[in-house]
Amino acid sequence: MDSPSLAPVIIGIKGTELSRGEARKIDDLKPAGFILFDRNINGPQQTRALTDSLRELCGYNPLIAIDQEGGNVSRLHAIVGPTPSAEQLAQFDKRSVTQFAGSLTGTILRQLGINWNLAPVLDIFNKDFKSNSLSGRCFGKSASHIIHHAGY
């Protein structure tokens, strides 16, 4: 059986469920995957139903991405509430705490049918930049500290 020819794009959808028009466009386009935002999430059952409907519609296992970093970047706040940022986890300075948070996030995403987390993992924060979008989103500003949290 041949694999479908997938468009090399990741697309978003408008709401918490697919409209007929979106379903037709997805069927025509055959995107490589989807990205979910706050507007797509209002509860665990709804989110799982949405990801299941995307897979069923596609007929293949698409990438289903989300930004679930913790701190200010948390698309699942409606489901899990506030979660610590990488910077907050690093303040514990214990790899086991970081590993637990990562494992818990992975388990939650898997249960929701999400298979790709768009989170900076090994980025180094440089406070010398006047405006740095990674503020609070990194485990630190030294490679050795970040590597420690990565588990190496």
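Trainee: Tell me about the overall build of the protein chain, and name the residues and values.
Mentor: On a plain count of helices and strands, the protein chain comes out with six helices and six strands. Referenced to the eigenvectors of the C-alpha coordinate spread, the extents of the protein chain come out at roughly 50 × 35 × 30 Å. When burial is assessed residue by residue, the protein chain has 35% of its 152 residues classed as buried. By sequence separation, contacts in the protein chain at least 24 residues apart represent 64% of the contacts at least 6 residues apart. Put simply, the protein chain shows about 9,300 Å² of open surface, and 53% of that area lies on carbon and sulfur atoms. In the protein chain, 16 positive and 14 negative side-chain charges are present, and the distance between their average locations comes to 3 Å.

Trainee: Just give me the short version of the sheet that holds strand 6 (residues 116-117), but keep the residues and values in it.
Mentor: Here four strands make up an open sheet; going across it, the order is 1-2-3-6 and the pairing parallel. With one partner strand each, in any of the chains shown, strand 1 (7-11) and strand 6 form the two edges of the open sheet. Bridging between strand 2 (residues 31-36) and strand 3 (residues 63-66) involves four bridges; their strand directions are parallel. Within the sheet, the bridge partner assigned to Ile35 lies in strand 3 and is Ala65. The sheet contacts of helix 1 (residues 20-29) involve strand 1 and strand 2, and relative to strand 1 the element is tilted by about 155 degrees.

Trainee: So, the layout of surface pockets: which residues are in play, and what are the values?
Mentor: Of the voids in this model, the largest pocket is the one considered here, and its volume is about 740 Å³. For the largest pocket, the lining is made up of 36 residues, of which Gln68, Glu69, Leu89, Gly102 and Thr105 are closest to its centre. Elements with a minimum of two residues in the lining of the largest pocket: strand 4 (68-70), helix 4 (86-92), helix 5 (95-112) and helix 6 (143-150). No other element matches the ten residues that helix 5 contributes to the lining of the largest pocket. Of the residues in the lining of the largest pocket, the class split is 18 nonpolar, 16 polar and two charged.

Trainee: Can you explain the packing of helix 2 (residues 44-58) against helix 5? Please cite residues and give values.
Mentor: Their axes nearest at 8 Å, the elements helix 2 and helix 5 cross at an angle of 65 degrees. Residues Pro44, Thr47, Arg48 and Thr51 of helix 2 form the contact with helix 5, whose own contacting residues are Arg110, Gln111 and Leu112. Tallied by class, the residues present in the contact of helix 2 with helix 5 amount to two nonpolar, three polar and two charged.

Trainee: Tell me about the pairing of strand 1, and name the residues and values.
Mentor: Here three bridges tie strand 1 to strand 2, and the two strands are oriented parallel to one another. Each bridged residue has a counterpart across the sheet, and for Ala7 the counterpart in strand 2 is Pro31. As a crossover connection, the stretch from strand 1 through helix 1 into strand 2 is right-handed.

Trainee: Talk me through unusual backbone geometry; I want residue IDs and the actual numbers.
Mentor: Non-glycine residue Lys30 carries a positive phi angle of around 50 degrees. In this structure, Lys30 sits in the loop between helix 1 and strand 2. Even without a glycine there, the phi angle at Asp93 is positive, about 55 degrees. Position of Asp93 relative to the elements: it lies in the loop between helix 4 and helix 5.

Trainee: Now, about the nonpolar core: what can you tell me, with residues and values included?
Mentor: Counting residues in each nonpolar core, the largest one holds 15 residues, and the members touching the most others are Leu36, Ile66 and Ile114. At the level of secondary structure, the elements contributing two or more residues to this core comprise strand 2, helix 2, strand 3 and helix 5. A total of three residues in this core trace back to one element, the largest contributor, which is helix 2. If we skip the residues at most four places from it in the chain, Ile114 touches Leu36, Thr47, Thr51, Arg55, Ile64, Ala65, Ile66 and Leu109. Judged by nonpolar contacts, the second largest core, of six residues, contains Ala86, Leu89, Ala90 and Phe139.

Procedures and definitions
- Residues numbered from 1 in each chain as written.
- Predicted model: local features only at pLDDT ≥ 70, side-chain atom pairs only at ≥ 80, totals over all residues.
- Heavy atoms only, no water.
- Helix = DSSP H or I, 4+ residues; strand = E, 2+ residues; numbered from the N terminus.
- Buried < 20%, exposed > 50% of the residue type's maximum accessible area, 1.4 Å probe, protein only.
- Contact = heavy atoms within 4.5 Å.
- Areas by Shrake-Rupley, 256 points an atom, 1.4 Å probe, with all protein chains shown as cover.
- Lys, Arg positive; Asp, Glu negative; His and termini not counted.
- Charge placed at Lys NZ, Arg CZ, Asp CG, Glu CD.
- Pairing = 2+ DSSP bridges.
- Axes fitted to C-alpha atoms, helices over the stretch in contact; angles between N-to-C directions.
- 1 Å grid on protein atoms, 1.4 Å probe; cavity = no way out; pocket = protein on both sides within 12 Å on 5 of 7 lines; lining within 4 Å.
- Points joined across faces, edges and corners; volume = space filled by probe spheres on them.
- Nonpolar A, V, L, I, M, F, W, Y, C, P; charged D, E, K, R; others polar.
- Right-handed = clockwise from strand over helix to strand, strands pointing away.
- Core = buried A, V, L, I, M, F, W, Y, C linked by side-chain atoms within 4.5 Å.

Just distances and angles here, no functional claims.
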